[in-house]
Amino acid sequence: MNFKTTQCHGINCFPSNRTCQRIEQSWIQEIDQSYDNTSDQFILTYDINFCSCYSPQNILNQCQNNTPIAVAHSDARFITYNPYDDTLIVLGDTFIAQYFASNLTRFRNISVTVVPLSMVIDSKNIYITFSSNFSVNLYDMNLRFNQTIRISSSSSSSRFYGLALWKNGLLVTDDQMNLIRFINLTTMNISIYLDLTSYNIEPFNIAINNNYLYISQRSSTVIYVYDLVSFSMNSLRFSSSTSLYRLANDPYCNRLWFGTQTATYTSVPIVHLGMRTIDVYQAKGVLATAKVYKIEFDANYSMYTVSLNENYFYKYQMSSIFCDKN
């Protein structure tokens with residue numbers, strides 16, 4: 001029996017098509033069987049690729065001696081990586097801009113008269129909520145406007161800070177009405193999906209993973225976890241010193257990263273989605289002294305941060321090889 005073992009320990013040592021990174025299993029095993037006529041024996045060859053997620057602390061350690069690249073963008077408040085074309089889309093109070101992730105060149109922008117709040121992207125469209133006109137706007141991948149979806153709200157102070165793709169539509173939060181609505185993108189019908197009044201939850205950000213809806217409240221220490229199958233609610237509570245803000249899905253590993261509404265980013269809150277547990281990790285270097293309201297990653301695990309009411313967003317480039325140990 002012959003064994004051929006290949007260990008993958010770094011983001012850049014994975015196969016170029018990243019198939020190893022995107023799977024949920026911790027390892028892949030392939031078995032080839034052949035017959036040796038000379039020895040009258042079967043030969044089994046095992047080809048094992050170990051694919052592990054790097055701990056958040058390992059990733060944060062990369063920032064210890066990492067000077068971020070500052071990119072000017074007036075009143076930047078939200079940043080999202082578009083994996084379909086390797087670009088970044090940044091929301092500012094007066095304009096929305098698109099950048100190449102590779103060189104951070106701005107190549108497209110549109111002016112807005114209402115402050116954009118949140119955004120999600122699928123393979124065809126970009127969806128953006130706005131602050132005072134109770135709407136979700138649909139844009140194509142070139143930021144060309146397609147249509148506006150109006151959402152009625154009985155509170156003039158309602159804000160739609162949370163968006164998530166779900167089945168054939170969008171889930172949209174309403175912080176003042178304690179609601180999460182569903183927009184069917186096929187029929188454009190809008191319905192109340194979840195009334196959070198009895199839980200006393202003012203929803204801010206949301207994310208969906210494996211039939212669980214994660215709901216955060218601004219400046220709160222609690223994450224609510226709603227089971228979309230059994231329709232039950234549970235909660236996860238960080239320490240009293242953790243003031244949560246925007247959340248972001250990890251592009252390769254099963255977890256959520258949170259920005260915080262604090263002056264520095266010394267403590268980084270994480271939700272491990274597989275077991276639905278929480279941890280707090282320590283930022284390193286310049287990142288630890290920064291104000292980080294939202295964190296984002298691109299396909300190469302470079303990290304982007306943005307803060308409310310500042311005129312820049314920042315890119316922390318990851319080193320070419322990660323440490324072998326988590």
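This text goes with the structure placed above it.
Parameters and conventions
- Along each chain, residue indices are assigned from 1 in the same order as the chain's sequence is written.
- With pLDDT at 70 or above as the cut-off, local features in this predicted model cover only qualifying residues; side-chain atom pairs require 80 or more to be listed or tallied, and sums for whole chains, interfaces and linings still use all residues.
- Excluded from the side-chain calculations are hydrogens and water; all other atoms, namely the structure's heavy atoms, are used.
- Between 30 and 60 degrees the pair is tilted, below 30 it is stacked and above 60 it is edge-to-face, where a pair is any two Phe, Tyr or Trp rings, Trp via its six-membered ring, whose centres lie within 6.5 Å.
- Secondary structure elements follow DSSP: runs of H or I of four or more residues count as helices, runs of E of two or more count as strands, with numbering from the N terminus.
- Residue burial is assigned from relative accessible area. The probe radius is 1.4 Å, only protein chains are included, and a residue is buried under 20% of its type maximum, exposed over 50%, and partly exposed in between.
- The rule is short: NZ of Lys or CZ of Arg within 6 Å of the ring centre and within 35 degrees of the ring normal puts a charge over the ring.
- Note: two strands are recorded as paired if DSSP finds a minimum of 2 bridges between them.
- Angles here are taken between N-to-C directions and fall from 0 to 180 degrees, while the axes themselves are lines fitted to C-alpha atoms, restricted in helices to the stretch in contact.

> Quick question: what am I supposed to make of the packing of aromatic side chains here?
Each aromatic ring pair is summarised here by two numbers: the centre-to-centre distance and the angle between the ring planes. With the rule as written, the count across this model stands at 11 aromatic pairs. For the pair Tyr245 and Tyr293, a centre-to-centre distance of 4.5 Å together with 45° between the ring planes defines the contact as tilted. Here Tyr245 is found in strand β20 (residues 244-249), whereas its partner Tyr293 is found in the loop between α3 (286-289) and β24 (294-297), with 48 residues between them in sequence. For Tyr245, a relative accessible area of 3% translates into the label buried. The structure contains a cluster of three or more aromatic residues connected by ring pairs, namely Tyr161, Phe204, Tyr245 and Tyr293. In this arrangement the basic side chain of Arg276 is found over the ring face of Tyr212, its NZ or CZ atom lying 4.0 Å from the centre.

> Would you mind going over the sheet that holds strand β9 (residues 126-130) with me for this structure?
Strand pairing within a sheet occurs via backbone hydrogen bonds; the two strands may be parallel or antiparallel. The strand order across the open sheet built from four strands is β8-β9-β10-β11, with neighbouring strands paired in antiparallel fashion. Two strands bound the open sheet, and with one partner strand each, they are β8 (116-121) and β11 (145-150). Between one strand and the next, the sheet's axes are offset by a mean angle of 20°, whatever the strand orientation. Here β9 runs beside strand β10 (residues 135-139); their pairing, made up of four bridges, is antiparallel. What sits directly across from Ile126, in β10, is Tyr139.

> Whenever I open this one, the sheet that holds strand β21 (residues 255-260) confuses me. Can you help?
The sheet built from four strands is open, its strands ordered β20-β21-β22-β23 with antiparallel pairing. In this open sheet, the two edge strands, each paired with only one partner strand, are β20 and β23 (277-282). This sheet shows a mean twist of 30° between the axes of neighbouring strands, independent of strand direction. Strand direction decides the pairing type here: β21 and strand β22 (residues 267-272), joined by three bridges, are antiparallel. The partner of Trp257 across the bridge, within β22, is Ile270.

Keep in mind these numbers describe shape, not what the thing actually does.
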